[in-house]
There are 2 protein chains.
Amino acid sequence: MSDSRQTAKTTSSGRGQVSGSGPGDNGLDAIYRSISEAIIEHRLKPGARLREDALADVFGVSRTGIRKVLQRLALEQLVTLTPRRGASVTRPSVDEARDVFEARLLVECAMMDAAAKRITEEDIQELQEMAKQEREALRNREQRIAIKLSATFHARLAEISGNRTLAGFVGQLASRSSLILAVYGNAGHLGCESHDHDNLIDFLAAGDGAKASDFMERHLKSIEASLSIFEEPEETPDLWDIFAVDA
Amino acid sequence: MSDSRQTAKTTSSGRGQVSGSGPGDNGLDAIYRSISEAIIEHRLKPGARLREDALADVFGVSRTGIRKVLQRLALEQLVTLTPRRGASVTRPSVDEARDVFEARLLVECAMMDAAAKRITEEDIQELQEMAKQEREALRNREQRIAIKLSATFHARLAEISGNRTLAGFVGQLASRSSLILAVYGNAGHLGCESHDHDNLIDFLAAGDGAKASDFMERHLKSIEASLSIFEEPEETPDLWDIFAVDA
DNA sequence: TCGGCCACCATTGTATACGCTCTTTGTGCA
DNA sequence: TGCACAAAGAGCGTATACAATGGTGGCCGA
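**Some thoughts on helix α3 (residues 63–75) of chain B**
All names here are of chain B.
So, point 1. In a regular helix each residue adds 1.5 Å, so 13 residues correspond to 18 Å; α3 covers 18 Å between its end C-alpha atoms and thus fits that length.
So, point 2. Every buried residue of α3 is listed here: Gly65, Ile66, Val69, Leu70, Gln71, Leu73 and Ala74.
So, point 3. Looking one or two residues past α3, Gln77 carries a phi angle of roughly 70°, positive in sign.

Right, dumping it as structure tokens:
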């Protein structure tokens, strides 16, 4: 790893620097999105360590900026900050998983009514486009992309209902759900069935909030049901099984 | 330049101690609570500027720590971070106020069912104690204390229902409600009527989640109704009014 | 051979220094 | 008299430096 030879270079020429990052956290925001996306897409798996130095090196900023981003991610529960051990991608506990889905069930279903009333033609087209991309990603076996799109879809849906506070909350829940899928999901059985989202759009387009709500309920419950939620008791006994087989 | 291999000689004598501040954000957390409480109690009013230097001075830490705290408060929407202008206590917009109460109505009512099922004798006593303190604060005209206790009460209630994720959300909403009261509330008409909380406890103690939910709905709606929600167009023209009266 | 101790290292936590932008005030000109 | 421009000042954004801590590996003693 070496000495970071080039990072220092950027500052030398003054404001030079990549991608014109503005003053505020403009540049930092890009880093935030970048890491956030990597986590949601499971390119960074739960438990993965996120060293500040390494990230600082990758993104060409100092640790200060990275710390800021990491802190934000920690507040959204996407990463866990252990006092002297640094940051790592959060590995949701069973309780957390249950809580998150319960919360989604409660909030997202309740928002369907408002969404059905407020949805516009533009919204519908946008959602359909997203659903289409998701189907394509699924068809191409790009599960990572599909998962991200699914989270975005739910977040966008929440925005349509007009309550920004709740929408922000749903966004967080959707991101965390992605982590939960990474830990407790079965391979081959992706969270959202591809046609579910289309059906949801249809109900909303028809202005039928009640049906949309019912469908959302089934949708979320089916995702939760597809998980293998049982805590892995592997503390250390791992080795015995592994080597017993071997020997 | 990064090769700092030998500098760390000092560790020799050891782990000595450091009494105070723990490692992590132990000390910072206290600062966070301190500022947070000041905001909720309206000792810091919406719009108040929070200069990093000043806070660093007050709490005896450097700006670094203050920034960390400020960022966290910003993520919880208690303070607003304007790019080059620094931090100030958030002044909730009319839309925000509506969103927050809508969210509370949705979430808190829905949680009553679980709360009624899970509440224990200890919880009941704790809540009653809190309600009692709140009544006393109101009687003593200590509205600031009462507002804080009210927010804490609602947050604690949410915790009882057993879903930490939702409880955290309710905590945030309660804090923000305090800000909303500061901006749109009428003096003399505090948010929560003092006996409301007692009634709520009674319903929960009786295990009647439905009634508790209904009551919570009325409770929150009455608070919202007591607000004078119309946007004040005062951007800076403050002075004109003041001196017009004077002259 | 195993268990405990000690030194080193890797990595984070905190503080300080510097540069940049925005605001404000003062002055000159139309 | 009013407006525009410039300079100074204040405050934030970022990087770097230093200190402290927990983990890791090796050594010694039982």
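The structure having been displayed, the exposition proceeds.
**With respect to the interface of chain A and chain B**
So, point 1. Counting residues at the interface gives 25 residues for chain A and 25 residues for chain B.
So, point 2. Both faces considered, chain A and chain B share a buried interface measuring about 2,200 Å² in area, 62% of it formed by carbon and sulfur atoms.
So, point 3. Linking chain A with chain B are zero salt bridges.
So, point 4. Linking chain A to chain B there are six residue pairs in polar contact (both at pLDDT 80 or more).
So, point 5. When contributions to the side of chain A that touches chain B are tallied by element, the ones reaching two or more residues are α4 (63–75), α5 (94–118) and α8 (164–184) of chain A.
So, point 6. Ranked by residue count, the leading element in the side of chain A that touches chain B is α5 of chain A, at seven residues.
So, point 7. Class assignment of the residues belonging to the side of chain A that touches chain B gives a composition of 11 nonpolar, five polar and nine charged.

**Re the packing of aromatic side chains**
So, point 1. Within this structure, the stated rule accounts for three aromatic pairs over all chains.
So, point 2. Look at Phe169 of chain A and Phe169 of chain B: their rings are 3.6 Å apart centre to centre, the planes differ by 5°, and that puts the pair in the stacked class. Taken together, the residues Phe169 of chain A in helix α8 and Phe169 of chain B in helix α7 (residues 164–184) connect one chain to another. Side by side, Phe169 of chain A and Phe169 of chain B carry an identical accessibility label, which is buried.
So, point 3. With a centroid separation of 5.8 Å and 55° between ring planes, the pair formed by Phe203 of chain A and Phe215 of chain A is classed as tilted. Highlighted residues: Phe203 of chain A in helix α9 (residues 194–205) and Phe215 of chain A in helix α10 (residues 209–225), separated in sequence by 12 residues.
So, point 4. Positioned over the ring face of Tyr32 of chain A is Arg72 of chain A, at 3.7 Å from the centre of the ring.

**A word on the relation of the copies chain A and chain B**
So, point 1. When chain A is fitted to chain B, the residual RMSD is 0.1 Å, and the transformation amounts to a turn of 180° plus an axial shift of 0.0 Å. Here the two chains are linked by the operation of a two-fold rotation axis.

**So, the packing of helix α4 (residues 94–118) of chain B against helix α6 (residues 143–160) of chain B**
Residue and element names in this part refer to chain B.
So, point 1. Between α4 and α6, whose axes approach to 8 Å, the crossing angle comes to 55°. Taken together, the axis directions place α4 and α6 in an arrangement best described as oblique. As for the relative orientation of α4 and α6, their crossing is left-handed in sense. Across the interface between the two elements, Arg104, Glu108, Met111, Met112, Ala115 and Arg118 from α4 touch His154, Leu157, Ala158 and Ile160 from α6.
So, point 2. For the contact of α4 with α6, the residue count by class is six nonpolar, one polar and three charged.

**Some words on the confidence of the model for chain A**
Residue and element names in this part refer to chain A.
So, point 1. Averaged over every residue, the pLDDT of chain A is 84; the share at 70 or more is 81%.
So, point 2. Mean pLDDT across the secondary structure elements of chain A bottoms out at helix α1 (residues 7–12), with 32, and peaks at α5, with 97.
So, point 3. Within the model, the stretch residues 234–240 combines pLDDT values under 50 with one contact to residues more than four positions away or in other chains.

**Examining the pairing of strand β2 (residues 79–82) of chain A**
Residues and elements named next belong to chain A.
So, point 1. Pairing between β2 and strand β3 (residues 86–89): four bridges, direction antiparallel. Counted as the bridge partner of Val79 is Val89 from β3.
So, point 2. Taking the residues that link successive antiparallel strands as the turn, the β2-β3 hairpin has three residues.

**Structural notes on the sheet that holds strand β1 (residues 49–50) of chain A**
For sheets, the rule is that strands pair by backbone hydrogen bonds, running either parallel or antiparallel.
All names here are of chain A.
So, point 1. The strand order across the open sheet formed by three strands is β1-β3-β2, and the pairing between neighbours is antiparallel. Both edges of this open sheet fall to β1 and β2, since each of them pairs with a single strand only.
So, point 2. Taken together, the two bridges between β1 and β3 define a ladder with antiparallel strand orientation. When the sheet's bridge partners are listed, Arg49 is paired in β3 with Ser88.

Reading the values: the criteria
Residues numbered from 1 in each chain as written. Chains lettered and ligands numbered in written order. Predicted model: local features only at pLDDT ≥ 70, side-chain atom pairs only at ≥ 80, totals over all residues. Heavy atoms only, no water. Helix = DSSP H or I, 4+ residues; strand = E, 2+ residues; numbered from the N terminus. Expected span 1.5 Å × (residues − 1). Buried < 20%, exposed > 50% of the residue type's maximum accessible area, 1.4 Å probe, protein only. Contact = heavy atoms within 4.5 Å. Buried area = accessible area lost by both parts, 1.4 Å probe. Salt bridge = Lys/Arg side-chain N within 4 Å of Asp/Glu carboxyl O. Polar contact = N/O pair within 3.5 Å; in protein donor to acceptor, adjacent residues only side chain to side chain. Nonpolar A, V, L, I, M, F, W, Y, C, P; charged D, E, K, R; others polar. Phe/Tyr/Trp six-rings, centres within 6.5 Å; stacked < 30°, edge-to-face > 60°. Lys NZ or Arg CZ within 6 Å of the ring centre and 35° of its normal. Least-squares fit on C-alpha atoms with pLDDT ≥ 70 in both. Axes fitted to C-alpha atoms, helices over the stretch in contact; angles between N-to-C directions. Parallel < 35°, antiparallel > 145°, perpendicular 65-115°, else oblique. Left-handed = near helix turned anticlockwise from the far one by under 90°. pLDDT = per-residue confidence, 0-100. Pairing = 2+ DSSP bridges.

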